[in-house]
Amino acid sequence: MVQKTDKIWFDGKLVPWDEANVHVLTHTLHYGVGVFEGIRSYKTVDGKSAVFRLPEHVERLFDSAAIMEMKVPYSEDIVNKAIIETLTVNGLSEGYIRPLIFIGDGAMGVHPGKNPIRVAIATWAWGAYLGEEALRKGIRIKTSTFTRHHVNVMMTKAKVCGNYVNSVLAKVEALADGYDEALMLDTAGYVSEGSGENVFIVRKGIIKTPPLTSILAGITRETVIELARSLGYQVVEERFTRDEMYSADEAFFTGTAAELTPIREVDRRRIGKGEAGPVALNLQKEYFKVVTGANPDYAKYLTYYTV
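Parameters at a glance
Residues numbered from 1 in each chain as written. Predicted model: local features only at pLDDT ≥ 70, side-chain atom pairs only at ≥ 80, totals over all residues. Heavy atoms only, no water. Phe/Tyr/Trp six-rings, centres within 6.5 Å; stacked < 30°, edge-to-face > 60°. Helix = DSSP H or I, 4+ residues; strand = E, 2+ residues; numbered from the N terminus. Buried < 20%, exposed > 50% of the residue type's maximum accessible area, 1.4 Å probe, protein only. Polar contact = N/O pair within 3.5 Å; in protein donor to acceptor, adjacent residues only side chain to side chain. Contact = heavy atoms within 4.5 Å. Pairing = 2+ DSSP bridges. Right-handed = clockwise from strand over helix to strand, strands pointing away.

## Observations regarding the packing of aromatic side chains
Part 1 of the reasoning: Tallied over the entire structure, the rule returns 11 aromatic pairs.
Part 2 of the reasoning: A centroid spacing of 6.0 Å and a plane angle of 85° characterise the contact between Phe52 and Tyr301, whose relative ring orientation is edge-to-face. With Phe52 in strand β5 (residues 49–52) and Tyr301 in the loop between α8 (278–291) and β17 (302–305), this pair connects stretches of sequence that are 249 residues apart.
Part 3 of the reasoning: Looking at Tyr301, the relative accessible area reads 8%, which means it is buried.

What follows is the structure, given as structure tokens:
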């Protein structure tokens, strides 16, 4: 359950959590045309609080809106400041941030007409998305029977609300079958991503991840690639099949929510030794140094604020 906080930033002002409501005929509620981001803030090693890669997330939010032809009534700078304001007023030294841009009520039917574009920002305390144990031991995943979107079916570079119906179906199926998460293939049969994460494999010391063809350009994915290369790992962005993943030495997911979660099993097949691998655990350790300010080389990615 989401841990309720005090205020939500809604259309330019802070309102009580329970009053951040919309009409039942809100267009996005019916047709799924909205865009959002998932962002995290962390308590840093010096006791301060910082949002990780805030400008990049907000830029992607606005890019998503542009792709969906939604004219946002606020600037990126205003949204950046509103996120910090919402974290501060809720007294969150670390937590999860969910900005949402959506189409309000007015005209019904597929075309939204001149319905208002609305913006909300919610923040709450949220631990490890797949659980603390998952970060340490790794998770079991299942190849979904649902295929990831084709680039001409949905806008795969936009983080669109409606895109996630695909993810919900895959996640529900995976959990119902006793797994922790879903692995999704693209329309050509190659490994694509998880229900809400990017995926990596490690084989003979080389890290491989699907290219930015039909996947969302993950900000955590980009960070981990940069970090891995700085640590001397070879990282290759190219397509691979699920049977190549079966024979990998290691595998892991990345994402704002999932952070860096090792994968120990795919489709009942043990990956490597069937536990979190050394490369994944090393990158995970170094990633947490980055987001908590323990690695000064990545200080540029932190937006500090005071609670």
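Text resumes after the structure shown.
## Some remarks on the side chain of Ser144
Part 1 of the reasoning: The residue Ser144 is located in the loop between β8 (139–143) and α5 (164–176) in this model.
Part 2 of the reasoning: On the basis of relative accessibility, which here comes to 10%, the residue Ser144 falls in the buried class.
Part 3 of the reasoning: In this structure the side chain of Ser144 is engaged in a polar contact, spanning 2.9 Å, whose partner is the backbone nitrogen of Phe146.
Part 4 of the reasoning: When residues no more than four places from it in sequence are discounted, the contact partners of Ser144 are Ala170, Glu173, Ala182, Leu183 and Met184.

## Observations regarding the pairing of β8
Part 1 of the reasoning: Buried residues dominate β8, accounting for four of its five residues.
Part 2 of the reasoning: For β8 and strand β9 (residues 181–185), the ladder comprises three bridges, and the chain directions are parallel. Looking across to β9, one finds that Lys142 is bridged to Ala182.
Part 3 of the reasoning: Handedness of the crossover joining β8 and β9 through α5: right-handed.

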